[in-house]
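Here's the letter readout for the chains.
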Amino acid sequence: MRYILAISLLFMSFSCSNTTEKGRMINSQKLSHLISQKDKTLVYVWTTWCSGCRKTLAETLPRLQENIDTSEYQILLIAASKNKEEVDSLVSASGLQMNSWFLDFTGTDKGVFQNLGIQLLLKKTFPKAEIFTRAIPVFFLVDKNGKVQNKKLPHTYSELMNVIDRK
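Residues numbered from 1 in each chain as written. Predicted model: local features only at pLDDT ≥ 70, side-chain atom pairs only at ≥ 80, totals over all residues. Heavy atoms only, no water.

Visitor: Please set out the packing of aromatic side chains residue by residue, giving values where relevant.
Guide: This structure, assessed with the given rule, holds 2 aromatic pairs. Ring geometry for Tyr-44 and Phe-139: centres 5.0 Å apart, planes at 85 degrees, overall edge-to-face. Of this pair, Tyr-44 sits in strand β2 (residues 40-46) while Phe-139 is found in strand β5 (residues 138-143), placing the two residues 95 residues apart along the sequence. For the pair Tyr-44 and Phe-139, one class covers both residues: buried. Judged by centre distance (5.4 Å) and plane angle (85 degrees), the ring pair of Phe-126 and Phe-140 falls under edge-to-face. Placement of the pair is Phe-126 in the loop between α5 (112-125) and β5 and Phe-140 in strand β5, with a sequence separation of 14 residues. (Phe/Tyr/Trp six-rings, centres within 6.5 Å; stacked < 30°, edge-to-face > 60°. Helix = DSSP H or I, 4+ residues; strand = E, 2+ residues; numbered from the N terminus. Buried < 20%, exposed > 50% of the residue type's maximum accessible area, 1.4 Å probe, protein only.)

Visitor: Account for the confidence of the model for the chain, naming residues and giving values.
Guide: This prediction gives the chain a mean pLDDT of 87; 87% of its residues lie at or above 70. Within the chain, β2 carries the highest mean pLDDT (97), whereas helix α1 (residues 2-14) carries the lowest (45). Taken together, the stretch residues 5-20 has pLDDT below 50 and engages in 23 contacts with residues farther than four places along the chain or on a different chain. (pLDDT = per-residue confidence, 0-100. Contact = heavy atoms within 4.5 Å.)

Visitor: With reference to specific residues and values, describe the nonpolar core.
Guide: Counting residues in each nonpolar core, the largest one holds 51 residues, and the members touching the most others are Leu-42, Trp-46, Leu-64, Leu-77, Ile-118 and Phe-126. Here the element with the most residues in this core is strand β3 (residues 73-79); it accounts for 6 residues. Aside from chain neighbours lying at most four places away, what touches Ile-118 is Val-45, Ala-80, Leu-103, Phe-132, Ile-136 and Val-138. (Core = buried A, V, L, I, M, F, W, Y, C linked by side-chain atoms within 4.5 Å.)

Visitor: Could you give an account of helix α6 (residues 157-166), with specific residues and numbers?
Guide: Here α6 has its buried residues at Tyr-157, Leu-160, Met-161, Val-163 and Ile-164. On an axial view of α6, the arc spanned by its buried residues comes to 160 degrees, and they lie on one face. Of the residues in α6, the exposed ones pointing more than 90 degrees away from the buried face are Asp-165 and Arg-166. Residues of α6 that are buried in the fold lie against β2, α3 (51-67), β3, β5 and β6 (148-150). (Arc of directions from axis to C-beta.)

Visitor: Give me unusual backbone geometry: which residues, what numbers.
Guide: For the bond from Ile-136 to Pro-137, the omega torsion is 10 degrees, close enough to zero to count as cis. Considering the arrangement of structural elements, one finds Pro-137 in the loop between α5 and β5. Located in the positive-phi region is Arg-134, a residue other than glycine, with phi close to 75 degrees. Structurally, Arg-134 is set in the loop between α5 and β5. For Arg-134, a relative accessible area of 46% corresponds to the partly exposed category.

The following block contains the structure:
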């Protein structure tokens, strides 16, 4: 596994996705900057092939966006996908396109390469927090200083609001 990780990291350092604009690619530095702009940020890392991701994107997140205090909270969507058209279509339907980003990774849109890309981004941005458990989606709450407040947020609106109301 370490050998695969080392090779993947080497390829990632030279990778450049041809299917998305570079301006919408997210890296650790950009993620940290975006997080610093609001008191609290809900980060949602998802893929197009994940049915649970699609459901949360279509149902929970738009409702959440309507009901949270946007002066305090923001929602960041990070798509671990190279299919720009499908991502944009799903995000547009949710009404959340303003904070939609792409994760740049090498390899196919399924499997180990997506996981390695997510792991690398989260490990570099939050080195002391064990956020990624190799399960997709990844949904967590972080404060403006980069301190992870909740490593695993629920995906239903009512449960999510209970967590947010306690913070």
